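Observations on the model geometry
So you can see what is in the structure, the chains are spelled out below.
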Amino acid sequence: MAHFMDVHHGMHGITADRLHQAHQADLALEKDENVHFERAWADPDSGTIYCLSEGPSADAVQRVHERAGHKADEIHEVPLTV
């Protein structure tokens with residue numbers, strides 16, 4: 001399985017509660033696409049959210065996000081980790 005970092009823009013003022021709810025929505029759907037969302041981070045001032053996931057493809061990651069109601073603006077495969 002590959003790792004992916006996806007980016008969501010335009011989420012200015014997001015709260016910890018809303019970030020948690022969005023992450024939970026992804027977790028509820030992830031098994032359908034054989035994806036696992038590991039962690040999410042947010043910067044409320046810039047409106048940027050970052051999600052780290054593991055899965056078979058960027059398309060699978062995007063399908064989960066779309067079904068959860070928050071399509072990613074960018075998805076990057078991260079082939080190297082330490």
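Check the entry above for the structure.
In short, a report on the structure.

Parameters at a glance
Residues numbered from 1 in each chain as written. Predicted model: local features only at pLDDT ≥ 70, side-chain atom pairs only at ≥ 80, totals over all residues. Heavy atoms only, no water. Salt bridge = Lys/Arg side-chain N within 4 Å of Asp/Glu carboxyl O. Helix = DSSP H or I, 4+ residues; strand = E, 2+ residues; numbered from the N terminus. Buried < 20%, exposed > 50% of the residue type's maximum accessible area, 1.4 Å probe, protein only. Pairing = 2+ DSSP bridges. Axes fitted to C-alpha atoms, helices over the stretch in contact; angles between N-to-C directions. Contact = heavy atoms within 4.5 Å. Parallel < 35°, antiparallel > 145°, perpendicular 65-115°, else oblique. Left-handed = near helix turned anticlockwise from the far one by under 90°. Core = buried A, V, L, I, M, F, W, Y, C linked by side-chain atoms within 4.5 Å.

As for the pattern of salt bridges
Here the structure, examined in full by the defined rule, presents 2 salt bridges. Residue D32 pairs with R67 through a salt bridge whose shortest N-O separation is 2.9 Å. With D32 in the loop between α1 (16-29) and β2 (36-43) and R67 in helix α2 (residues 58-68), this pair connects stretches of sequence that are 35 residues apart. D32 sits in the exposed class, given a relative accessible area of 52%. Between E33 and R63 there is a salt bridge, and its shortest N-O distance comes to 2.9 Å. Pair noted here: E33 is in the loop between α1 and β2 and R63 is in helix α2, with a separation of 30 residues, a long-range link. Relative accessible area serves as the criterion here: at 18%, E33 is assigned to the buried category.

What to know about the sheet that holds β2
Read from one edge to the other, the open sheet built from 4 strands follows the order β2-β3-β1-β4, with strand pairing classed as antiparallel. Two strands in the sheet have a free side with no partner beyond their single neighbour: β2 and β4 (74-77). Direction aside, the axes of adjacent strands within the sheet are offset by 20° on average. Sheet topology places β2 next to strand β3 (residues 48-55); 7 bridges connect them, and they run antiparallel. Directly across from A42, in β3, lies its bridge partner I49. Along the sheet face, α1 touches β2 and β3 and points at about 160° away from the line of β2. Sheet strands touched by α2: β1 (2-8), β2, β3 and β4. Its angle to β1, the strand with the most contacts, is close to 45°.

Re the packing of α1 against α2
Contact geometry of α1 with α2 gives a least axis separation of 9 Å together with a crossing angle of 120°. On the basis of the axis angle, α1 is oblique to α2. Considering how the two elements wind past one another, α1 and α2 form a crossing that is right-handed. In this structure, α1 uses A25, D26 and L29 to contact α2, whose residues at the interface are V64, H65, R67 and A68.

Remarks on the nonpolar core
A2, F4, I14, L19, L29, V35, F37, I49, C51, A60, V61 and V64 together form the largest nonpolar core, which totals 12 residues. Looking at this core, the elements with two or more residues in it are β1, α1, β3 and α2. A total of 3 residues in this core trace back to one element, the largest contributor, which is α2. The residues touching I14, leaving out its near neighbours within four places in the chain, are L19, A42, P44 and I49.

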